[in-house]
Amino acid sequence: MLRSSKAGATQVQPTAPVPAQTIRFTTPVVETPGIFLLTGWLWRIIRALVLLPFQFPVSVAAVAVSVGAYLGFGWLGLAVLWTVLDLGLLVWWRRWPHSFKAHVALRVLATWRRFWIYRRHWQPVLVVSGLAESYLERQYLPQIRGVTCSAWADRVRVKLVAGTSPSEFENRVAELAHGFGAPSCRVEVRGPRDLILEFPRRDTLADPIDALSVPDDPQDVDLSGLPVGIGQDGEPWKLRLHGTHVLTVGVTGAGKGSVLWSAIRAMVPAIGKGTAEVWAIDPKRMELSYGRALFARYADAADEAVSLLEEAVSAMQERAERYAGRQRTHVPSVRDPFVVVVLDEVAFLTAYHPDRDIRRRAENAIATLTSQGRSVGFCVLAALQDPRKEVLNLRNLFPDKIALRLDEASQVDMVLGDGARDCGANAHLIDPDLPGVAFVKLEGSPVPVRVRAAFVTDTDIDHMAAEPAAAGVGD
Ligand SMILES: Nc1ncnc2c1ncn2[C@@H]1O[C@H](COP(=O)(O)OP(=O)(O)OP(=O)(O)O)[C@@H](O)[C@H]1O
């Protein structure tokens, strides 16, 4: 019925000119001659063959030597060659396992994963996640420049399509991780159009870490790099306290206590010698009270805590006055020890306490300590559950921050700075079964790295407290 012209409906072919448009310009379709296609393919094959020895020198050499052995000595020659080669590899593996792992095992693994995981899935994953670019009806994909493997992760070096930015990858870390079957993905920008995608193969931080050993000699305590845990790459996580202030943020049960205690533990020899002091504020009375013998000052009630903070401010100012015009940096000594004010749940004093005067005094003292204490050997190491500005508007006075498990995605950038979540610091996705796992920005690393604090048990604290007590700390 509708097809009938009597019904008043006119059928118009989509490509037919509409009456008002008598000439319609369209792009002519020109068929590519077969010779061009063939030449294109030939060029690619020749280029790949020429580049092969440079890209995979060991594999190409192995194939070339095998072919030579076969041509020269037949099957027997080939069998002898491979037997000798295998025995050589066996001896290398048994005798120098680390070198074998770095030069053989991880390289073979990288080649395998490059082709089997990344090359094979590259186009579908990038197209579906929206990282393929189209221009004049042609599709452009970022290129894989290389894949390397470490003991725990694959690092895929990528050349970006001109005109795109790393933020497009940063916004799709979840899609990439799922697409390549990895637990997470981290983006590291190396230079223009050059970035690395890091895909862990397994979680190296899945098992709790026992309290780390403490050096016997106080001289060996490095206050600018105290070992407090392990990084995802298996290297020690070193926390700087001297010359900075540290804010540790995490929901209840995230493991803030383990960060505080690991830092205190790493300082024990210096505490024993008297070149470092811990002034502890413990509003919950649960976290720090166990190791009271280690602390030069301790307070739990709010008014005492504020007095302690004000005392720290006075001591800091007295030291600054003495140093003025004479000394620009602090060197820990028994006369002028490095003082760490450890503040558990700082919001109790600055936001939750009902007395306005307590809140104001606490905030003033913390602001003074954090803004003036660094160069004269005073450090504030604070723990906090809720990083919002309403709770702690002083958070920007802490140069170093640790993001343990957080409640919301938006809190990641509040703690670690803008763009941290885009780089893969998904602190809000940390497994609740992994207390002590955190994201931190380390010196020398432009992107946050995943770490786990060592777990200091009550027994460890007992042992720690025994030695400095003997040395007179806490009297
Ligand atoms: N680094 C760690 N490794 C393994 N287990 C840990 C670690 N840190 C904490 N835990 C476990 O998680 C529990 C909670 O840790 P912790 O009390 O330190 O959390 P928190 O963040 O301080 O919580 P709250 O704010 O409620 O005090 C601990 O009792 C311990 O069993």
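Residue indices begin from 1 for each chain and proceed along its sequence in written order. Per-residue local features of the predicted model are confined to residues with pLDDT of at least 70, and side-chain atom pairs are confined, for both listing and counting, to 80 or more; whole-chain, interface and lining totals are unaffected and use all residues. Side-chain descriptors were evaluated using all non-hydrogen atoms of the structure, hydrogens and water having been removed beforehand.

An unreviewed UniProt entry annotates the protein chain as Cell division protein FtsK of Streptomonospora arabica.

**Things to note about the nonpolar core**
The tendency in soluble globular proteins is for nonpolar side chains to be buried side by side. Worth spelling out the cut-off: Working definition of a nonpolar core: buried Ala, Val, Leu, Ile, Met, Phe, Trp, Tyr and Cys residues. They are joined through side-chain atoms within 4.5 Å. Only protein chains enter the calculation, and the probe is 1.4 Å; a residue is then buried if its accessible area is under 20% of its type maximum, exposed if over 50%, and partly exposed in between. Secondary structure is summarised from DSSP: a helix means a run of H or I of at least four residues, a strand means a run of E of at least two, and numbering begins at the N terminus for each. Two residues form a contact once any of their heavy atoms are found within 4.5 Å.
In terms of nonpolar packing, the biggest core is built from 47 residues, with Leu309, Leu343, Leu349, Leu369, Leu384 and Leu416 touching the most fellow members. Sort the elements by how many residues they give to this core and helix α8 (residues 302-323) lands first, with nine residues. Contact partners of leucine 384, with chain neighbours within four places excluded, come to Leu247, Thr248, Val249, Gly250, Lys256, Glu345, Val346, Ala347, Val391 and Leu392. Val228, Val246, Leu294 and Ala465 belong to the second largest nonpolar core, which has 45 residues in total.

**Here's the deal with the domain arrangement of the protein chain**
This is how it is decided: Boundaries between domains were set according to an automatic or database domain assignment. Here the buried area means the combined drop in accessible surface, using a 1.4 Å probe, for two parts upon being joined, counting both sides. We define a polar contact as two N or O atoms separated by no more than 3.5 Å, with the added condition that, inside protein, one atom must be a possible hydrogen donor and the other a possible acceptor, whereas residues neighbouring each other in sequence contribute only through side-chain atom pairs.
For the protein chain, the assigned domains read domain 1 (96-200) and domain 2 (218-323 + 331-470). For domain 1 and domain 2, the distance between their C-alpha centres works out to 36 Å. At the junction of the two partners, domain 1 supplies nine residues and domain 2 supplies nine residues. Interface area for domain 1 against domain 2, summed over the two sides, is near 750 Å², with a carbon-plus-sulfur share of 55%. Summed over the shared surface of domain 1 and domain 2, the number is one residue pair in polar contact (both at pLDDT 80 or more). Residue contributions to the side of domain 1 that touches domain 2 peak at three residues, all from strand β5 (residues 186-191).

**Some points on the layout of surface pockets**
For clarity, the cut-off: Cavities and pockets were defined on a 1 Å grid built from protein atoms only: a cavity is a group of points that admits a 1.4 Å probe but offers it no way out, a pocket is an open group of points flanked by protein on both sides within 12 Å along at least five of seven lines, and a lining residue is one with an atom within 4 Å of any such point. Grid points are joined across faces, edges and corners, and a volume is the space filled by probe spheres set on the points. Amino acids are sorted into nonpolar (Ala, Val, Leu, Ile, Met, Phe, Trp, Tyr, Cys and Pro), charged (Asp, Glu, Lys and Arg) and polar (every other residue, Gly among them).
Of the voids in this model, the largest pocket is the one considered here, and its volume is about 1800 Å³. Along the wall of the largest pocket there are 44 residues; nearest its centre are Gln55, Phe56, Thr111, Arg114 and Phe115. Those elements giving two or more residues to the lining of the largest pocket turn out to be α1 (34-55), α2 (57-95), α3 (97-128), β3 (143-149) and β4 (153-159). Ranked by the residues each element gives to the lining of the largest pocket, the list is headed by α3, at 13 residues. Tallied by class, the residues present in the lining of the largest pocket amount to 27 nonpolar, nine polar and eight charged. The space that makes up the second largest pocket amounts to roughly 870 Å³. Around the second largest pocket, the lining comprises 43 residues; the ones closest to its centre are Ser184, Gln232, Gly424, Phe439 and Arg450.

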